[in-house]
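So you can see what is in the structure, the chains are spelled out below.
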Amino acid sequence: FDRDWNTRNKGYLGNQLATKLGTNFLNRHGNINIEGQQFLIGEDYLGLRGTTDGKWNQKGFSATWDGSYLSSEAIDRNEYIRHRADVSQSLGWFKIGYKDDHERNSFKTNVLEPNSYEFFDYQLYLANSDSTNNKYKIFYRERYDRKSDSTRLKAAAKAQSVGAEMAFVNLKNQRLKVMGSYRELRILDSNLINVTPENTLLGRVEYELKAWNGALALNSFYEAGSGLELKREFLYIQVNDGQGVYTWIDYNEDGIKDLNEFEIAQFVDQASYIRVFTPSNEYVKTYSNEFNQSIHLRPDRVWARKKGVLRFIARFSDQARVRINRKTDYFNTNEAFNPFASGIADTNLISTNSNMRNTLFFNRTSSIAGGEYTYQNIRSKSLLASGFDSRGNEYHEVVLRWNIRRKFTLKVSGKNGRKFSEADYTSGRDYDVSVVFLEPSIIYQPNTVFRVSIDARGSEKKNREELGGEKATVLELGSTIKFNQREKGSLQGGIKVLSIAYTGVQNSALGFE
């Protein structure tokens, strides 16, 4: 919605009023939808917008489209045009098509503002017509980018791509899709865009498998290529309380909001800031790969009615997910194509985001007792204009539950792991903390309306000796009550008593952690 009206992060204040009037023309071949819209924010913003979308299929001809035009008045005058379309015609066993994506977004005061832009991306393709058979497609694609020179939108870059796609859908219980493309980027005006001309090769494989009546479900995605990584800067913007993600803690008590003084808010009422990334003018040549894998094992789908060992194995199930996205500035076969090639401390690693999680369940659907074991490893590294920002969180967790009686449940969870942060763009944010905690709970729930629990928790956190060796011991005892009335709402309250012993500086990033 914010992007449709160009109001994101603008800070407009006042009562909001949105109106629209439209009509939808229906036919056995498709539909055409037309709407007129208005959006008002106090005295700060007035926008008028017209939209159309639809689809049409007739005698081998197929078309889908989505377009809009926005004219708005605020501190500046804005005109925003965008459309997407896909048009094709079947000619026997094959079809020829055209696909495009266009945006023109201009902001004017006395001049055309620097954040004005335009891009036009179109594609010509040739594909097979029969959607029930394996799918084949070859395409040629061009993209034009225009930037503001303060008077007009001027051509800044042109990209040309050629590629092919194949999708094998006739395999039993399987789907396989393969894509490859080659892209050439030309810079038409280096004063408007600070990017190095480059040639890019991209390959992608997607695979899906379902077997043994759904006992095994597997999804795989792999992509490798080369390109440019933009160095980014970030800043924190204050929003209404409760609508942000971060909170500001003035560690050095100087009244200045330094970048190392923002933390993820622990409570909703403290979440008053969001983090916004802004592009810089610096790029780094990168070689990238991305790997996504999910595996779901459910032996009960085939062995639930068996006896003996197979019946016992059927009580277990497992979910595993892996997602890795890596970019490095050094090329060799291993670094370019292997998503597991190196650790986060590798100096050639420009950026990475990885999330590995596996959960083994026992008696997951049982109403009497059950348990689960989870291993998770989350790591990230970002390239900023002033350095790198690296974070990680790795832990093992066990959760056990036992319904002692129909109304009483005992739940115990324990965790052992580590959490670390490394940042060379600022000081005071380097730590490597080991974490151990145990959390038992007794829950009384006589019906679906009322629930009360007594909760306890003990945890110990210790920073690595060479980074300070700070230690925190936390003991917690509390109770939570929840009253829920269907279709009317719920009321929840709680009380906790905590004892915290910490050997480090409380007013610090580590102390907050």
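Residues numbered from 1 in each chain as written. Predicted model: local features only at pLDDT ≥ 70, side-chain atom pairs only at ≥ 80, totals over all residues. Heavy atoms only, no water.

Colleague: Help me get a handle on the overall build of the chain, residues and values and all.
Modeller: Tallying secondary structure elements over the chain gives 5 helices and 24 strands in all. Overall size of the chain, expressed as C-alpha extent along the three principal axes, is 70 × 65 × 60 Å. Relative to its full complement of 513 residues, the chain shows a buried share of 33%. Summarising the internal contacts of the chain: among those between residues at least 6 apart in sequence, 54% fall at separations of at least 24. Computing the positive centroid from 71 side-chain charges and the negative centroid from 62, the chain places the two 11 Å apart. (Helix = DSSP H or I, 4+ residues; strand = E, 2+ residues; numbered from the N terminus. Buried < 20%, exposed > 50% of the residue type's maximum accessible area, 1.4 Å probe, protein only. Contact = heavy atoms within 4.5 Å. Lys, Arg positive; Asp, Glu negative; His and termini not counted. Charge placed at Lys NZ, Arg CZ, Asp CG, Glu CD.)

Colleague: Could you give an account of a nonpolar patch on the surface, naming the residues involved and the relevant values?
Modeller: Residues Ile368, Trp402, Ile404, Phe408, Ile442, Ile454 and Leu477 make up a contiguous nonpolar surface patch of about 720 Å² in total accessible area. Among the structural elements, Trp402 can be located in strand β19 (residues 387-402). (Patch = residues over 30% accessible without salt bridge, like charges linked within 9 Å, V, L, I, M, F, W, Y side chains within 5 Å. Areas by Shrake-Rupley, 256 points an atom, 1.4 Å probe, with all protein chains shown as cover. Salt bridge = Lys/Arg side-chain N within 4 Å of Asp/Glu carboxyl O.)

Colleague: Now, about the nonpolar core: what can you tell me, with residues and values included?
Modeller: Side chains of a nonpolar character, in soluble globular proteins, are inclined to be buried together. Among the nonpolar cores identified, the biggest contains 7 residues, and these are Trp5, Tyr12, Phe39, Ile41, Tyr45, Leu70 and Tyr80. In terms of nonpolar packing, the next biggest core, distinct from the first, is built from 5 residues, Ala156, Ala157, Ala159 and Leu185 among them. (Core = buried A, V, L, I, M, F, W, Y, C linked by side-chain atoms within 4.5 Å.)

Colleague: An account of the environment of Ala265 is requested, with residue identities and associated values reported.
Modeller: By secondary structure assignment, the location of Ala265 is in the loop between β14 (262-264) and β15 (273-297). Residue Ala265 is classed as buried on the basis of its relative accessible area of 18%. Counting along the chain gives 75 residues from Ala265 to Ser190, while the straight-line C-alpha distance between them is 42 Å. Dropping the residues within four chain positions of it, Ala265 is found in contact with Val245, Tyr246, Thr247, Gln270 and Ala271.

Colleague: Let's hear about the pattern of salt bridges: which residues, and what values?
Modeller: Here the structure, examined in full by the defined rule, presents 18 salt bridges. The salt bridge partner of Glu118 is Arg104, with a shortest N-O separation of 2.8 Å. One end of the pair, Glu118, is in strand β7 (residues 117-128); the other, Arg104, is in strand β6 (residues 94-108), with 14 residues separating them in the sequence. Bridged by salt links that share partners, the residues Arg418, Asp432, Arg464 and Glu466 form one connected network.

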